[in-house]
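Reading the structure
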Number of protein chains: 2
Amino acid sequence: MSVSHAQHPGGASRFASLTPLLQPRSVAVVGASSDPHRIGGRPIAYMLRNGFAGRILPVNPNRSEIQGLPAFASVEALPEAPDVAIVALPAPQVLETIRALGRKGARSAIVFSSGFSEVGGEGEQMQEALVEAARAANMRLLGPNALGVFNANLGYYAFFSTSLERGTPLAGRVGIATQSGAYGAHLLGLARQRGLGTPICVATGNEADVTLGDAIGWLVESPEVDVVMAYAESIRNVDSFLAALAAAHRAGKPVILHKVGRSELGGRAAMSHTASLAGDDKVLDAVLADYAVVRARNTEELMDIAYLATQRIYPVNNSLGMITVSGGAGIIVSDAAEEVGLPMPPMPEAAQARLKQRLSFASPINPVDCTAQALNDLSLVHDFTESMVVDGGYRSLIAFFTQAGTAASIGPRLAEQFARIKADHPERLFVVSVMGEGEELAPYEKAGFALFEDPTRAVYAIQAMGRLGEAFARPLRQVPAPGGVELPAQTPGEAEAKQLLAGAGIESAPERVLGNAADAVAFAEAIGYPVVLKIASADILHKSEIGGVLLGVDSAAAVREGFDLLLRRAAEHAPAARIDGVLVARQLQGGVECFMGIQRDPQFGPVAVFGLGGIFVEVLKDVVFRRCPFDAAEAEAMIRGIRGAPLLLGARGRPVTDVKALAQVLSRLSRFAAQAGPRLRSVDLNPVFAMPEGQGAWAADAVLEVQEVAHGAES
Amino acid sequence: MSVSHAQHPGGASRFASLTPLLQPRSVAVVGASSDPHRIGGRPIAYMLRNGFAGRILPVNPNRSEIQGLPAFASVEALPEAPDVAIVALPAPQVLETIRALGRKGARSAIVFSSGFSEVGGEGEQMQEALVEAARAANMRLLGPNALGVFNANLGYYAFFSTSLERGTPLAGRVGIATQSGAYGAHLLGLARQRGLGTPICVATGNEADVTLGDAIGWLVESPEVDVVMAYAESIRNVDSFLAALAAAHRAGKPVILHKVGRSELGGRAAMSHTASLAGDDKVLDAVLADYAVVRARNTEELMDIAYLATQRIYPVNNSLGMITVSGGAGIIVSDAAEEVGLPMPPMPEAAQARLKQRLSFASPINPVDCTAQALNDLSLVHDFTESMVVDGGYRSLIAFFTQAGTAASIGPRLAEQFARIKADHPERLFVVSVMGEGEELAPYEKAGFALFEDPTRAVYAIQAMGRLGEAFARPLRQVPAPGGVELPAQTPGEAEAKQLLAGAGIESAPERVLGNAADAVAFAEAIGYPVVLKIASADILHKSEIGGVLLGVDSAAAVREGFDLLLRRAAEHAPAARIDGVLVARQLQGGVECFMGIQRDPQFGPVAVFGLGGIFVEVLKDVVFRRCPFDAAEAEAMIRGIRGAPLLLGARGRPVTDVKALAQVLSRLSRFAAQAGPRLRSVDLNPVFAMPEGQGAWAADAVLEVQEVAHGAES
């Protein structure tokens, strides 16, 4: 296949440096083989077979001709600096080759060879040397241990998978970026089966230089790509990954990500309470929530969502209407829509009445069941569906006609009816669910419908299109540079931590140590009754044992009496203790205990966590994560999103708490963390009291951990 | 298709009465049509085309011949009493026909016609009349509004779906029972695509007489069926449904159930607290847990599980080993196995070392990644896989070879290697995951492997086989007849309720009202300190306001003093009150509040619910259901199964509670409910205190609701 093709815009983009790798005019093959079945022979055979328009330059010291092409004895002997050089040599010979390519002026290299970081030890060092050599020559390097790349639009195949023997990729506009070669080849096979065109593919291997993010970034900026399908085992370079997602958002192109592996980084669990909650996977999800990315739960969903995304319809305020010839399928779709939170509102009553009048057996609510009856007069199907679009206003539609929809007597005519509606309402996402193969499906395919045999899978994919629509409609969040918060050199104590946070607008429960009764009364009047009084002395550890704590002190007189009482008790029970005075604190009552924290992810920076206190966090793990910073509206959405949220919102006769104030505290904490920069390791506010409405939210304890400044650097 | 076929054993089984319907020797068609495309013509055309071995008897008053067969003018004119009669007439003519068939001695009838209970009103009455007529004649009736039945093993098609035009079902041993005709036809199409043989199918329609349970029951007892696939929208006759599931368990044949519709019966929500938790769907799941039934989450899973079940390998103590050429696929499978709780233990270390020695690039843990390297020497694949079976001991295996496994140069030889292992270890469940079509898959199919292109879906299906294995290994629970508990005529008060439950071994917190201090001391000594003392008087409502409650009373002397103090305070503050004495109760401290209840499901009888108290039940709905009765071991499994269970088991420094005692109470409650019979509507024990280990579990409150006995019936 070689279709007309558009150059990558490149320009100022950080991803433009991949253009020689993906749209080369000349391809050197170092370690070229005459045998089209060997790794060094396959790319040449594929390119010859598929009419690569550029120059193929085989390098082999022992042959003057390779697969009918003139061969060159060495890199030095090449007649030009190639855009890209494939290196298919044993690992020990790779480094010298990369250096030679650098000297020659090659713009990029693809290292097929394995035996580098994936085997550890010496392999890692060799890989580092490769990167160094490539960078020194301003050359991008894909691999090592990479299956390679292809761009079928150019007939360009720097790719040694035998899966291409089964057929080249179909024409289309889906790009693939994958960390696993073998699984990438599997995806190619699935895409071909599904009729999904994936002409451009990058398999990144060890990612010594070019990463998955680079590949995604180049693909979303390509005018030849509408949708990117990505497979990841770990995100190795967060910068390029996030830059790629931002580029995708700008371009209005979705990234469908299959990130596998859910294991947690056990090593971090000990650092803080928040860390023990923040598995890598949850942090990644929190980060992805900002972008137009859908994370597929499995390979099938990856294919389904990418397939539907090629329709390029991403509804905002998505809703689903279904027209069906089977009530059973209607229930199945309703169940699936409820499961993923895709609304299926009923048809307006007037429209229902009209439909019922046309076909008395019909069930006109939604799903609209037109019954097999309607197959005798397909204009009924048209009018019912049209009414769902116009009167029902559904953003997305499923038409379930299973085998009836592919019967020779019905299929083409039914497709025609639907095509009329699609032409009149091109902004609606319209999925047809029929069962059949090959020619039976042609009328629907020709009319451009997305086809799903299984309506449940259609629902999941349709829901994903709505999430993409919301993401594209939302402006991308700007993460500010750190600054404005000065952290202490060492991890501070509780009081200092609270003071730091107070500077960021996060108030602890108001409290103060006072030396005389008059000051104590004045402070109590200022913060409001009831207050708690505690004897303040570093020498008295167990204050309550000597009666050194008074609760529910609710008037000026009571404060005055209590002040004297505490001093007397201290004098009596601990005559040697040095007394600082009496601590006066607002007594928090009727509040709900919450937990908030910050965890610095080594990859994604500060991530905030919120949950209800105690067992909710510790046992039920009912928590929500978000990358810092975020505003109060987003904080409120987080708070309302946890399972236990009803406890804050007045469930079963409980008081409604001050969720707005709580959200304010959470948002301020996220800003504090963003401003504090990388030395802030973690914050735990445990508990934060969400008080009844109008009474605010207060952190009752604060633990803040910083990376210590080395002594030498302190001056 | 007409394969050799075995008669249904019938005999004493309640399902034997369906044999004339499913294995008829003669089929009358009332409303027979010469047009093979009309509803009254299709069954005849299908049977003629497929060589039905029995007699086809068309009934049509206007023709002497129908599709080449002699036709009869009326039911009366039939030359014999047919085993089954198809009725394809307008609704108003059906009743008279059923009566005529009854008089003629027909053994069963299938009513295709619609216009009965599904349209409500008069249709319902007509349907009742049909049932009456059929029962009077000792005739089974399928439908009305039914798509019908077929038994391809006999060439018998009393089925009017056009889906049969696309091809008759493949030979095989999967039976289908479905409430929806249209969705049933969809399933038939899917099965044919999948290569799954479904020669016998029953679509039950309105289920006026024959229900889904009847159909399942007959199928599992048929020697021609190994696996039943069932689609249900509601369980209309629980008796036959449960009898069918019991028969399936006896026969060692799994039922794969797709029950759709998750809406709750709002009407019952008001009755009791337990009822508001017990949605129909959860109750159904609780009931199914007893049987060898897997509930599929969607249609795809229904097909997958049924397909794998035809291997007839249901492992006990299931575990999964995977051999793969892609590390990525290995991670995907590990994620999926973790998600559904299917263990993937590592290979023994010695075996790992051996494999590593044979192929240094291999990752020998589990998944065992033999890398594409092994494709050059397939004996490696054999030896690796053999080691997983022998050394690893995995009950189930997935071999992931994607496109490599269907390459012409590899496929047949790889299949041979695997076939050797399968022959040596026929008891292992062995799934091959390769990508390809038609002839490419033939070597694996011929060797009898289950094939899944998507390894994630294979994991889900393999996990289901393990659940079936456990279910078959467990003896079926016997539900005893009610008896042994006498309920009061009216809903009792708290004290009477507690007394009733105490009779069943469910103790409330021990308490007693005593008239003098000496008795109070003796009782306190008996139940253990600390105790609570309360003034006992129906005239004093707010006891704590007059100081009428004493907590933490912890010695004989304190009880004596407290007794006198309470009487003095009562005399002082409420001189007119009649005093019954002082209530002495064990003070429950350090316990965890739980909730237990019983809800009588109108279909499945008493169902028990357990959860932690307060918000766990009310907000988080963290509850578990089980059909009554069950023993303490099962109760303990329920208790340990809730999300919040760590709170009972010593999470984060909490005391470990007396879970054994708690399970005892729950089990006793379930027995009480079973014995009490249908007049027991609900029980709420809220809270039940689970005390620290060794200190028991006590119901602190009990509400018991009974169906009132009508006055006339009371005498």
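So, how was this worked out
Residues numbered from 1 in each chain as written. Chains lettered and ligands numbered in written order. Predicted model: local features only at pLDDT ≥ 70, side-chain atom pairs only at ≥ 80, totals over all residues. Heavy atoms only, no water. UniProt positions renumbered as here; feature names shortened; annotations may be inferred. Buried < 20%, exposed > 50% of the residue type's maximum accessible area, 1.4 Å probe, protein only. Helix = DSSP H or I, 4+ residues; strand = E, 2+ residues; numbered from the N terminus. Pairing = 2+ DSSP bridges. Domains from an automatic or database assignment. Contact = heavy atoms within 4.5 Å. Buried area = accessible area lost by both parts, 1.4 Å probe. Salt bridge = Lys/Arg side-chain N within 4 Å of Asp/Glu carboxyl O. Polar contact = N/O pair within 3.5 Å; in protein donor to acceptor, adjacent residues only side chain to side chain. Axes fitted to C-alpha atoms, helices over the stretch in contact; angles between N-to-C directions. Parallel < 35°, antiparallel > 145°, perpendicular 65-115°, else oblique.

The name given to chain A in an unreviewed UniProt entry is 6-carboxyhexanoate-CoA ligase, with Pseudomonas delhiensis as the source organism. One UniProt comment on chain A, placed under Sequence similarities (unreviewed entry), says "In the N-terminal section; belongs to the acetate CoA ligase alpha subunit family."

A few words on the pairing of strand β1 (residues 26-30) of chain B. Residues and elements named next belong to chain B. Across the five residues that make up β1, a large majority, five, are buried. Here β1 shows no split at all, with S26, A28 and V30 on one side and V27 and V29 on the other all buried. Looking at chain direction, β1 and strand β2 (residues 55-59) are connected through five bridges and run parallel. Each residue of the ladder has a partner; that of S26, found in β2, is R55.

Attention shifts here to the domain arrangement of chain A. When the parts come together, some accessible area is lost, and that loss is often what is quoted as the size of the interface. Residues and elements named next belong to chain A. Per the domain assignment, the segments making up chain A are domain 1 (16-254 + 292-308), domain 2 (311-473), domain 3 (510-586) and domain 4 (592-706). With centres defined by C-alpha atoms, the gap from domain 1 to domain 2 works out at 41 Å. The partner domain 2 presents 20 residues to the 19 residues of domain 1 that form the contact. Interface area for domain 1 against domain 2, summed over the two sides, is near 1600 Å², with a carbon-plus-sulfur share of 62%. Our enumeration of links across domain 1 and domain 2 arrives at three salt bridges. The salt bridge involving R457 is made with E300; its shortest N-O contact spans 3.4 Å. Counting every contact that joins domain 1 to domain 2 gives five residue pairs in polar contact (both at pLDDT 80 or more). The greatest single-element share of the side of domain 1 that touches domain 2, amounting to six residues, is contributed by helix α10 (residues 299-309).

Turning our attention to the environment of A408 of chain B. Residues and elements named next belong to chain B. Among the structural elements, A408 can be located in the loop between β17 (396-402) and α14 (411-424). By relative accessible area, A408 is classed as exposed at 75%. In sequence terms A408 and T371 are 37 residues apart; their C-alpha atoms lie 19 Å from each other.

Residues and elements named next belong to chain A. Two numbers describe how helix α3 (residues 94-104) lies on helix α4 (residues 122-136): the axes approach to 9 Å, and their chain directions differ by 5°. Taken as axis vectors, α3 and α4 run roughly parallel relative to one another. Residues V94, L95, I98 and R99 of α3 lie in contact with α4, whose contacting residues are A129, L130, A133 and A134.

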